[in-house]
Amino acid sequence: MLLRDRLQQRLREMGDAPDYARLAEEVLGLKNVPAALARRLVAQGLVVDDRQEAWRRAGARICGSAPQTPGVYRLLDAERCPLYVGKAVNLRRRLRAHFAPARWRRLSPVMARVDAAEWQEVGSELESLLVEAQWIADLRPPGNVQVGPPRLTTRDVPQARVKDTIALLPSVEPDSVELVAALARGGVLVQRTRRNGRDLAVHAARLWRFGRGRAASGGALAAAAPLVFSWLDHRGAAVTRVEYAAVSSARDLQRVLATALAHRDLLGERIVVL
């Protein structure tokens, strides 16, 4: 039975006062959707089977322009409203999977509305995790399952390894490095700095203020530290890092970071698959 037919059947059963939130859960598979949004999604679901050709053309256009690089992407409808956020080691390959012909038959009404895409290339797996978390928190796309902020209690990270830390990671800009500071109390600050150290004094001072609690991370990054610690404890175990406890001042931090920046073999994650 087509999605449209299932919706029409349940609407008839519900009579003159349909419960759209219940319809969204039972037929569309979307839980805890606000009533107004649920009503709109049901309306879209009633015509989703007529969108296959437009969806196919959108997929061809999107995939044809996507780069074959790691990144984070968001899928948009015709009004440029975000529908879904994801990450990929190869953006073109991942987006092609979204638009594979076999996916149409089991596609949700939300994803059938995709008309465009935007993406941001990244230099590391950890950066993709943080950007994805930020976008989902900011955009609240209906195609993503909202699970709330990450928590250490749901991740297998020994407490002894949860320390105020700065990880040194590749940047999408070849002449730069991403410095990802994560604090045990929860905040994350991402700072891009040049490998030649030209702006390191300013950036080291900023990272030091952050570590001392004199600067706050914003948005989703304010609660993203569990993502960082979990990744560093598993897939990013070999990444070069600096613990705040090992430095005594902003100048000391600058010196330690400059030493690492001067040696390319100290930089870069060994595992780059997303």
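Details of the structure are given in the entry above.
Residues numbered from 1 in each chain as written. Predicted model: local features only at pLDDT ≥ 70, side-chain atom pairs only at ≥ 80, totals over all residues. Heavy atoms only, no water.

Time to look at the packing of helix α7 (residues 125–139) against helix α9 (residues 225–233). When two helices pack together, their arrangement is given by the angle between the helix axes and the distance between those axes. The interhelical angle for the contact between α7 and α9, taken along N-to-C directions, is 160°, at an axis separation of 10 Å. As far as their axial angle goes, α9 and α7 are roughly antiparallel. Read as a crossing pair, α7 and α9 show a hand that is right-handed. Residues Glu125, Leu126, Leu129, Leu130 and Ala133 of α7 form the contact with α9, whose participating residues are Leu227, Val228 and Trp231. (Axes fitted to C-alpha atoms, helices over the stretch in contact; angles between N-to-C directions. Helix = DSSP H or I, 4+ residues; strand = E, 2+ residues; numbered from the N terminus. Parallel < 35°, antiparallel > 145°, perpendicular 65-115°, else oblique. Left-handed = near helix turned anticlockwise from the far one by under 90°. Contact = heavy atoms within 4.5 Å.)

The next point concerns the sheet that holds strand β7 (residues 241–243). Reading across from one edge, β6-β5-β4-β7 is the order of the four strands in this open sheet, with antiparallel pairing throughout. Every interior strand has two partners, whereas the edge strands, β6 (188–194) and β7, have only one. Across the sheet, the mean angle from the axis of one strand to that of its neighbour is 20°, orientation sign disregarded. Relative to β6, strand β5 (residues 176–182) runs antiparallel, the two being bridged by seven bridges. Following the sheet pairing, Ala182 is matched in β6 by Val188. Each of β4 (165–170), β5 and β6 is contacted by helix α8 (residues 200–211), which is oriented at about 170° to β6, the strand it contacts most. (Pairing = 2+ DSSP bridges.)

Summarising burial for strand β1 (residues 71–76): five of the six residues are buried, a large majority. Here six bridges tie β1 to strand β2 (residues 82–88), and the two strands are oriented antiparallel to one another. Looking across to β2, one finds that Tyr73 is bridged to Gly86. As paired elements, β1 and strand β3 (residues 116–121) share six bridges and run antiparallel to each other. Its bridge partner being in β3, Gly71 is matched across the sheet by Glu121. (Buried < 20%, exposed > 50% of the residue type's maximum accessible area, 1.4 Å probe, protein only.)

Turning to the packing of α8 against helix α10 (residues 250–261), a few remarks are in order. One way to put it is that α8 packs onto α10 with a least axis distance of 9 Å and a crossing angle of 125°. Viewed along their axes, α8 and α10 adopt a mutual orientation that is oblique. Seen from above, α8 lies across α10 with right-handed handedness. Residue-level inspection shows Leu200, Ala201, Ala204, Ala205, Leu207 and Trp208 of α8 in contact with α10, the latter providing Ala250, Leu253, Gln254, Leu257, Ala258 and Leu261. In terms of residue class, the contact of α8 with α10 is made up of eleven nonpolar, one polar and no charged. (Nonpolar A, V, L, I, M, F, W, Y, C, P; charged D, E, K, R; others polar.)

When the terminal C-alpha atoms of α7 are compared, their 21 Å separation across 15 residues agrees well with the 21 Å that a helix rising 1.5 Å per residue should span. With eleven of 15 residues buried, α7 is to be regarded as a mostly interior element. Among the residues of α7, those classed as buried are Glu125, Leu126, Glu127, Ser128, Leu129, Leu130, Val131, Glu132, Gln134, Trp135 and Ile136. Residue Arg140 follows α7 closely and has a positive phi angle near 50°. (Expected span 1.5 Å × (residues − 1).)

Quick look at unusual backbone geometry now. A positive phi is found at Asn32, a non-glycine position, where the angle reads about 60°. In this structure, Asn32 sits in the loop between α2 (20–26) and α3 (35–45). Overall, the relative accessible area of 78% leaves Asn32 in the exposed class.

Moving on to the sheet that holds β3. Strand order in this open sheet of three strands is β2-β1-β3, and the pairing throughout is antiparallel. Each edge of the open sheet carries a strand with a single partner, namely β2 and β3. With direction set aside, neighbouring strand axes in the sheet form an average angle of 20°. Helix α5 (residues 91–98) contacts β1, β2 and β3 of the sheet and is inclined by roughly 35° relative to β1.

We now examine the nonpolar core. If you look at the biggest cluster of nonpolar residues, it comprises 31 residues, and the most contacted ones within it are Leu23, Leu28, Tyr73, Leu75 and Leu95. Contributing elements (two or more residues each) for this core: α1 (3–14), α2, α3, α4 (52–65), β1, β2, α5 and α6 (109–112). Among residues more than four places away in sequence, those in contact with Leu95 are Ile62, Cys63, Ala66, Tyr73, Leu75 and Trp119. (Core = buried A, V, L, I, M, F, W, Y, C linked by side-chain atoms within 4.5 Å.)

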